[in-house]
Amino acid sequence: RGGRLSGRPHGGGGGGGGSGRVGRREGSGARPEKVAVVEEIRGKLAGADAAVLTQYRGLKVSELAALRGALRPAGTEFKIFKNTLARRAAEEAGLSELIPRLEGRTAIAFVNGEAVLAAKALRDFGKTNQALVVKGGLLGTKVLTSGDMAALADVAPREVLLARLAGGFQAP
């Protein structure tokens, strides 16, 4: 337990005689930078039309940049956060069902627009980059599994569905 409070992996005391993290825990709690990140995640989850949790282990920086570029036309921002902070934000946002999916190297794609387009872009990128794994996500307030996300990627785009609907009205 002493190792966790000191922030050192082997429980080293640091010679401060009780200074450091322990004093912070008694006062305001978390460090301001961490509070800001939790607020950012919570705000993005609340403001996004959808959010997709992905595992990105093994992707190179250039591949992450290509993925971000592929998601941009879908109105999607792809960000990497520390899982502990993402779990805290999910809990504070009342999305505790997301917490089990926040394991391993997780990045979140925040969708501000049509979720189907973002799901397709992630699926297509994942076909050529096996290191990207869709772990599940959020559509509005509904938590989705990885299977749900795959099904979402298979839905025809909104324009196609509207054209089919319009064609159905014109049929004799």
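See the structure above.
Everything quoted here is computed from the prediction, not taken from an experiment. (Residues numbered from 1 in each chain as written. Predicted model: local features only at pLDDT ≥ 70, side-chain atom pairs only at ≥ 80, totals over all residues. Heavy atoms only, no water.)

Section: a nonpolar patch on the surface
Let me state the cut-off plainly: Patch membership is restricted to residues that have no salt bridge and whose relative accessible area is over 30%. Joining uses 9 Å for like charges and 5 Å for the nonpolar side chains Val, Leu, Ile, Met, Phe, Trp and Tyr. What sets the accessible areas is the Shrake-Rupley method with a 1.4 Å probe; for residues, cover comes only from the shown protein chains. Should a side-chain nitrogen of Lys or Arg be within 4 Å of a carboxyl oxygen of Asp or Glu, the pair is scored as a salt bridge. Strands here mean DSSP runs of E at least two residues long; helices mean DSSP runs of H or I at least four residues long; both are numbered from the N terminus. Burial classification: accessible surface area is computed with a 1.4 Å probe over protein chains only, and a residue below 20% of its type maximum counts as buried, one above 50% as exposed, and the rest as partly exposed.
On the surface, a nonpolar cluster with roughly 340 Å² of combined accessible area is contributed by L162, L165 and F169. On the secondary structure map, L162 appears in helix α8 (residues 158-170). Judged by relative accessible area, which is 43%, L162 ranks as partly exposed.

Re the pattern of salt bridges
Applying the stated rule across the entire model yields 8 salt bridges. Taking the shortest distance from any N to any O, the salt bridge between E92 and R42 comes out at 2.9 Å. Here R42 lies in helix α3 (residues 32-47) and E92 lies in helix α5 (residues 83-92), a separation of 50 residues in the sequence. Take R42: its relative accessible area is 26%, and that puts it in the partly exposed class. A salt bridge links D124 to R123; the nearest nitrogen and oxygen atoms lie 3.2 Å apart. Owing to a relative accessible area of 39%, D124 belongs among the partly exposed residues under this scheme. One connected set of salt bridges, linked through shared partners, spans E39, R42 and E92.

Remarks on the pairing of strand β1 (residues 50-55)
Keep this limit in mind: Strand pairing is assigned whenever DSSP detects at least two bridges linking the two strands.
The element β1 is extensively covered by neighbouring structure, given that 5 of its 6 residues are classed as buried. As judged from the 6 bridges shared by β1 and strand β3 (residues 106-111), these two strands associate in the antiparallel manner. By the bridge assignment for β3, V52 is matched with A109. In this structure, β1 lies alongside strand β4 (residues 133-139), joined through 6 bridges in antiparallel fashion.

A word on the packing of helix α4 (residues 61-71) against helix α6 (residues 115-128)
Filter applied, for reference: To obtain each axis, a line is fitted to C-alpha atoms, and for helices this fit is confined to the stretch in contact; angles are then taken between N-to-C directions over 0 to 180 degrees. Any angle that is under 35 degrees is reported as roughly parallel, and any over 145 degrees as roughly antiparallel; angles of 65 to 115 degrees are reported as roughly perpendicular and all others as oblique. For a crossing to be left-handed, the near helix must be turned anticlockwise from the far one by less than a right angle; the clockwise case is right-handed. The criterion used for residue contact is that any of the two residues' heavy atoms lie within 4.5 Å. Each residue gets one label: Ala, Val, Leu, Ile, Met, Phe, Trp, Tyr, Cys and Pro are nonpolar, Asp, Glu, Lys and Arg are charged, and the others, such as Gly, are polar.
Direction vectors running N to C along α4 and α6 enclose 150°, while the axes themselves pass 9 Å from each other. Comparing the axis directions of α4 and α6 gives the class roughly antiparallel. Crossing hand, α4 versus α6: right-handed. In this structure, α4 uses E63, A66, L67, A70 and L71 to contact α6, whose residues at the interface are A118, A121, L122 and F125. In the contact of α4 with α6, the residues fall into 8 nonpolar, no polar and 1 charged.

Concerning α6
Let me state the cut-off plainly: What a helix is expected to span follows from its residue count: subtract one and scale by 1.5 Å.
For α6, built from 14 residues, the straight-helix expectation of 20 Å at 1.5 Å per residue is met to within 8% by its first-to-last C-alpha distance of 21 Å. For α6, the set of buried residues is A115, V116, A118, A119, K120, A121, L122, F125 and G126.

Quick look at the nonpolar core
Stated formally: Here, nonpolar core refers to any group of buried Ala, Val, Leu, Ile, Met, Phe, Trp, Tyr and Cys residues whose side-chain atoms link them within 4.5 Å.
Judged by nonpolar contacts, the single largest core of 24 residues is most densely connected at L67, L71, F78, L122 and L132. Broken down by secondary-structure element, the contributors of at least two residues to this core are β1, α4, β3, α6 and α7 (146-154). Here this core takes 7 residues from α6, the largest share from any one element. Ignoring sequence-local partners within four residues, the contact set of L132 consists of T54, Q55, L59, L67, F78, L122, F125 and G126.

Description of the sheet that holds strand β2 (residues 76-80)
Read across the open sheet, the 5 strands follow the order β2-β3-β1-β4-β5; overall the sheet is antiparallel. The sheet is open, and its two edges are formed by β2 and β5 (142-145), each paired on a single side. Averaged over neighbouring strand pairs, the angle between their axes works out to 20° when direction is ignored. In terms of strand pairing, β4 meets β5 through 4 bridges, oriented antiparallel.

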